[in-house]
Amino acid sequence: GNYCPPPLSEEHTTPAPKTVSGKLNRFVGDQLQDVVNDIKTKGAVGTLKDSALDSVDMLADGVGAVMGWLKGTNPDRDNGPAPAALPGAFPNGPRFLLPQ
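Because the structure is a prediction, the values reported are computed rather than measured. (Residues numbered from 1 in each chain as written. Predicted model: local features only at pLDDT ≥ 70, side-chain atom pairs only at ≥ 80, totals over all residues. Heavy atoms only, no water.)

Moving on: the overall build of the chain. Helix and strand counts for the chain come out as one helix and zero strands. Here the chain holds 100 residues, and 5% of them are scored as buried. With an accessible surface of roughly 9200 Å², the chain has 62% of that area assigned to carbon and sulfur atoms. (Helix = DSSP H or I, 4+ residues; strand = E, 2+ residues; numbered from the N terminus. Buried < 20%, exposed > 50% of the residue type's maximum accessible area, 1.4 Å probe, protein only. Areas by Shrake-Rupley, 256 points an atom, 1.4 Å probe, with all protein chains shown as cover.)

A few words now on the pattern of salt bridges. In the structure shown here, the tally under the stated rule is one salt bridge. A salt bridge links Asp 50 to Lys 42, with the shortest nitrogen-to-oxygen separation between them at 2.6 Å. (Salt bridge = Lys/Arg side-chain N within 4 Å of Asp/Glu carboxyl O.)

So, about a nonpolar patch on the surface. A cluster of nonpolar residues, Leu 24, Phe 27, Val 28 and Leu 32, forms a patch on the protein surface that exposes about 400 Å² of accessible area. With respect to the helices and strands, the residue Val 28 is situated in helix H1 (residues 20-71). Looking at Val 28, the relative accessible area reads 41%, which means it is partly exposed. (Patch = residues over 30% accessible without salt bridge, like charges linked within 9 Å, V, L, I, M, F, W, Y side chains within 5 Å.)

Below, the discussion takes up H1. If you check H1, its first and last C-alpha atoms are just 38 Å apart, much less than what 52 residues at 1.5 Å a residue would give, namely 76 Å. If you look at H1, its biggest bend is around 115°, right at Lys 42. Immediately beyond the C-terminal end of H1, within one or two residues, lies Gly 72, with a positive phi of roughly 85°. (Expected span 1.5 Å × (residues − 1). Bend = angle between axes of the 7 residues up to and from the residue.)

Quick look at the side chain of Thr 47 now. Residue position: Thr 47 is located in helix H1. For Thr 47, a relative accessible area of 9% corresponds to the buried category. From its side chain, Thr 47 meets the backbone nitrogen of Ile 39 in a polar contact 3.5 Å long. (Polar contact = N/O pair within 3.5 Å; in protein donor to acceptor, adjacent residues only side chain to side chain.)

Put into structure tokens, the structure is as follows:
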């Protein structure tokens with residue numbers, strides 16, 4: 001069923017940031033807290049290993065996306081067909097730049 005946690009008292013709530021810098025500060029603070037929690041649970045070495053593996057995954061995804069775009073192929077995604085090209089955009093990537 002639905003679970004409704006008890007409301008927090010005013011001293012435990014923080015107002016939502018209203019400016020870009022406030023949102024950025026909150027985001028950075030949340031990320032730092034996540035790192036601290038990771039270090040507490042996995043240790044420093046485990047946290048660094050996870051970070052390195054995440055970085056490699058992101059780099060591989062980015063390189064694969066760029067190469068796919070350069071080749072003019074659709075990305076291999078499980079979330080359905082690729083979106084339709086915008087009017088005036090190159091639907092098959094920059095094939096005109098590559099030697100034929």
